[in-house]
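# Chains, contacts and geometry: an overview
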Amino acid sequence: MRKLFLLLVLFLMHAVSAQNEQLAQNYFDKGDFEKAVISYEELLKNQPANGLYFQKVIDSYQQLSQFDKADKALTARYEKFKQDNLLVESGYNFQLQKKEAEAKKYYDKALDKIRENPTNVYMIASAFERKVVLDYALKSYELASSLDPKLVFNYQTAIIYGQLGNTGMMVERFLEEAYKNPQNSIAIQNQLSRFMTEDAEESFNADLKKALLLRAQKSQDVFWNQYLSWFYVQQKDYGKAFIQEKAIYKRNPESFYNIVNLAQFAKQDGENDTAAEIFGFVLENTQDIQLQIQAHTFLMEMKTEKATATDFGAINAEFDALFNQFGIIPFSLPLQILQAHFLTFSQNNPEKGKTILKSALGLQLNKYQEADVKMELADILLYEEKFNQALIYYSQIEEDLKNDEVGHEASLKAAKTSYFKADFDWAQKQFKELKSASSQLIANDALEYFLLISDNTVSDSTQTDLKKFSRADYLLYQHKTSESLALFQEILKDHKTQEIEDVTLLRLGRIYEKNGDYASALQQYQIIIDKFSEGIYIDEALYFSAEIYNRQLKDPEKAKPLYEKILFSHQDSIYFIDSRAKFRQLRGDTNS
């Protein structure tokens, strides 16, 4: 019983202490330092060795400009505990009073402690860093390293050099650390990426590239080819990254992982020629069936995307040849799905497409492969206007892959199916839920449709324009481009409210662009830029216009100001990162 009573007393004392600490922290956070210092002094009486409580007392004194109290407390504590970081705290107390000479005395005493024992640097340098006394933090690390070569602080000093604005030394130290400790490369690349994405220092990317090139030329170590490849990928210069990856492969022909990833990045960013070149290299150099199928799938995908009716026969024959080579097996599933899609959406043969997919469901597939097949099957049923059947398959995927990106994609397609059916109330509920999806692309897509329905329901309760618009969108989904174009043009001519106009112009621009009518596309985008500069589609109009000038018309001088406008006026745009990379490329930041 006595032990139980003691345990109860201890528990209550701990609970009271925790409450008092929370109260003191609340006073401190609210800036009520007079109450905070009383609370922390009381806590410190009960736990004299508690460094956190002591630091809060000192911070509170300093906030109240009670520097003499802080100095006495620091001196007394140093005499009692001999903690070297307290010398830094005493110096900083004088620095706050602008007594630089006194501050320097204490800072130099702290450095003397490192001279006595270099391992004291850990406590002292971190104290300088906490107080943002960066020049002394740097001196601390470099002094310790000079006294004991086993103590290496490349990473810490690199960060400090970066904070001091000396990016040249920052790069030197980071690269030295990366080479000596490759396991730290990801953390270092993350740090370098922060500076690569800041516009304040335009020369940083050029300086980093120069440093990497010099190391690659000097040492001939494949490590620097890997770093250069990473650098070029950050710049979205996939052709130069591929040169580095080929050099890596020649020395280490064991893995195509990075090369395949590079091809995928290039394709995602619309660099189809570079992607095709990389996949061609993969096919020439690997015997791995899975990699071969992956490469063929991407190459066939690019062919089907650009195909016209005159190409259909040759592409169908190529599919047949690939299945003769690899067979109808789980590994060739991506090719089977692509063939079904091509037959349906390009050749208007959904029956054959469904036959291929239903046969594929008979293979031994994992749940993700099965989801891929069902997703395409649902897409084909939607193409056929079999909305309810499509929804069944989308719902199965949602159920099987809850909280997974594939499940969210199925949810988005289910919401679009309801939208195509003009069941706007149900679609709106689904889009609202998907606005918070973990995938930014899905969330942005859901938000766009949510706003489209909301805006055009408020402005027109009969939803006349919205019904026409969803029908035109559905025709576009079916690849019935001319019918879709005619209906969008009709909406633009006869629309009852202004809310539908900018999104209709955007759809028209995308259709004209796909048809190769770049002048008409630019005209639609320009109307959005001029007339709807405060609307939600302005960043898309700017980006798509810039892409036409940059990629199709080869007129970088007209593309640059459009990318630049996104950088300065639309930092929250999903096109911001691409625009920044392409603007810098056009400006010449990444030229060799």
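Right, let's talk about the overall build of the chain for a bit. The number of helices and strands found in the chain is 32 helices and zero strands. Once the C-alpha set of the chain is aligned to its principal axes, its extents read approximately 90 × 65 × 65 Å. Within the span of the chain, comprising 592 residues, buried residues form 49% of the whole. When contacts within the chain are restricted to residue pairs at least 6 apart in sequence, those whose partners lie at least 24 apart make up 51%. Of the roughly 30500 Å² that the chain leaves accessible, carbon and sulfur atoms contribute 51%. Put simply, the chain has 69 plus and 85 minus side-chain charges, and the middle of one group is 5 Å from the middle of the other.

Mapped onto the elements, serine 411 comes out in helix H23 (residues 405-420). Contacts of serine 411, omitting those with residues within four sequence positions, involve Glu398 and Leu434.

With that settled, consider the environment of glutamine 244. Counting through the fold element by element, glutamine 244 comes out in helix H14 (residues 238-251). Once the C-alpha coordinates of glutamine 244 and serine 573 are considered, the two residues, 329 residues apart in sequence, prove to be 31 Å apart. When neighbours within four sequence positions are excluded, glutamine 244 is seen to be in contact with Asn225, Leu228, Ser229 and Tyr232.

Side chains of a nonpolar character, in soluble globular proteins, are inclined to be buried together. Among the nonpolar cores identified, the biggest contains 87 residues, and Phe128, Met170, Leu175, Leu192, Leu208 and Tyr227 are the most heavily contacted of them. With residues near it in sequence (within four places) discarded, methionine 170 still touches Ala158, Tyr161, Gly162, Leu192, Phe195 and Phe204. Val406, Phe450, Leu475 and Phe544 belong to the second-largest nonpolar core, a separate cluster that totals 68 residues.

This brings us to the pattern of salt bridges. Applying the stated criterion to the full structure yields 36 salt bridges. Note that glutamate 318 is salt-bridged to lysine 303, the shortest N-O span being 2.7 Å. Taken together, the residues glutamate 318 in helix H18 (residues 312-326) and lysine 303 in helix H17 (residues 289-306) connect sequence positions 15 residues apart. Two residues, lysine 531 and glutamate 501, come together in a salt bridge whose shortest N-O distance is 3.0 Å.

Okay, empty space enclosed by the protein next. Over the atoms a probe the size of a water molecule is rolled, and this reveals where empty space is left. Overall, the coordinates contain one cavity of 30 Å³ or more when judged by the stated rule. Each pocket or cavity is described by its volume, and for the largest cavity that value is around 40 Å³. Every residue along the wall of the largest cavity is listed here: Lys236, Tyr238, Asp269, Glu271, Arg551, Lys582 and Gln585. Here the residues of the lining of the largest cavity are counted per class, giving one nonpolar, one polar and five charged.

Right, let's get into the packing of aromatic side chains. By the definition in use, this model includes 41 aromatic pairs. Here tyrosine 107 and phenylalanine 128 contribute two aromatic rings whose centre-to-centre distance is 5.2 Å and whose plane-to-plane angle is 75 degrees, an arrangement assigned as edge-to-face. Placement of the pair is tyrosine 107 in helix H6 (residues 100-116) and phenylalanine 128 in helix H7 (residues 121-130), with a sequence separation of 21 residues. With a relative accessible area of 3%, tyrosine 107 lands in the buried category. Measuring from ring centre to ring centre gives 5.6 Å for phenylalanine 387 and tyrosine 474, while their planes differ by 55 degrees; the resulting arrangement is tilted. Here tyrosine 474 lies in helix H26 (residues 464-477) and phenylalanine 387 lies in helix H22 (residues 387-400), a separation of 87 residues in the sequence. Grouping aromatic residues by their ring pairs yields a cluster made of Phe345, Tyr383, Phe387, Tyr419, Phe420, Phe424, Phe431, Tyr449, Tyr474 and Tyr477. Its end group placed over the ring of tyrosine 106, lysine 109 keeps NZ or CZ at 4.9 Å from the ring centre.

Let us look at the packing of helix H12 (residues 204-219) against helix H13 (residues 222-234). As a packed pair, H12 and H13 sit with axes 9 Å apart at the nearest point and diverge in direction by 155 degrees. Put simply, H12 runs roughly antiparallel to H13. Regarding H12 and H13, the two cross each other, and that crossing is left-handed. Along the contact surface, H12 presents Asn205, Leu208, Lys209, Leu212, Leu213, Arg215, Ala216 and Ser219, while H13 presents Trp224, Tyr227, Leu228, Trp230, Phe231 and Tyr232. Class assignment for the residues of the contact of H12 with H13 results in ten nonpolar, two polar and two charged.

Right, let's talk about the packing of helix H5 (residues 85-96) against H6 for a bit. Look at H5 against H6: their axes get within 7 Å of each other, and the N-to-C directions meet at 165 degrees. In this view, H5 runs roughly antiparallel relative to H6, as classed from their interaxial angle. Our pair here, H5 against H6, has a crossing hand that is left-handed. Contacts between H5 and H6 pair Leu87, Val88, Ser90, Gly91, Tyr92, Phe94 and Gln95 from the former with Glu100, Glu102, Ala103, Tyr106, Tyr107, Lys109, Ala110 and Lys113 from the latter. For the contact of H5 with H6, a count of residues per class yields eight nonpolar, three polar and four charged.

To continue, consider H5. For H5, spanning twelve residues, the distance from its first C-alpha to its last is 17 Å, which sits close to the expected 16 Å at 1.5 Å a residue. For H5, the tally of buried residues reaches ten of twelve residues, placing the bulk of the element in the interior. Restricting attention to buried positions, one finds in H5 the residues Asn85, Leu86, Leu87, Val88, Glu89, Ser90, Gly91, Tyr92, Asn93 and Phe94. Turning to H5, the residues buried within the fold contact helix H3 (51-63), helix H4 (67-81), H6 and H7. Following H5 by one or two positions, lysine 98 adopts a phi angle in the positive range, close to 65 degrees.

Right, let's talk about unusual backbone geometry for a bit. One non-glycine residue with positive phi stands out, namely lysine 82, at about 55 degrees. Exposure remark for lysine 82: the relative accessible area of 52% places this residue in the exposed category. Of note in this structure, glutamine 463 is not a glycine but carries a positive phi near 55 degrees. Within the secondary structure, glutamine 463 is located in the loop between helix H25 (440-458) and H26. Owing to a relative accessible area of 13%, glutamine 463 belongs among the buried residues under this scheme.

Parameters and conventions
- Residues numbered from 1 in each chain as written.
- Predicted model: local features only at pLDDT ≥ 70, side-chain atom pairs only at ≥ 80, totals over all residues.
- Heavy atoms only, no water.
- Helix = DSSP H or I, 4+ residues; strand = E, 2+ residues; numbered from the N terminus.
- Buried < 20%, exposed > 50% of the residue type's maximum accessible area, 1.4 Å probe, protein only.
- Contact = heavy atoms within 4.5 Å.
- Areas by Shrake-Rupley, 256 points an atom, 1.4 Å probe, with all protein chains shown as cover.
- Lys, Arg positive; Asp, Glu negative; His and termini not counted.
- Charge placed at Lys NZ, Arg CZ, Asp CG, Glu CD.
- Core = buried A, V, L, I, M, F, W, Y, C linked by side-chain atoms within 4.5 Å.
- Salt bridge = Lys/Arg side-chain N within 4 Å of Asp/Glu carboxyl O.
- 1 Å grid on protein atoms, 1.4 Å probe; cavity = no way out; pocket = protein on both sides within 12 Å on 5 of 7 lines; lining within 4 Å.
- Points joined across faces, edges and corners; volume = space filled by probe spheres on them.
- Nonpolar A, V, L, I, M, F, W, Y, C, P; charged D, E, K, R; others polar.
- Phe/Tyr/Trp six-rings, centres within 6.5 Å; stacked < 30°, edge-to-face > 60°.
- Lys NZ or Arg CZ within 6 Å of the ring centre and 35° of its normal.
- Axes fitted to C-alpha atoms, helices over the stretch in contact; angles between N-to-C directions.
- Parallel < 35°, antiparallel > 145°, perpendicular 65-115°, else oblique.
- Left-handed = near helix turned anticlockwise from the far one by under 90°.
- Expected span 1.5 Å × (residues − 1).

Geometry only, nothing functional implied.
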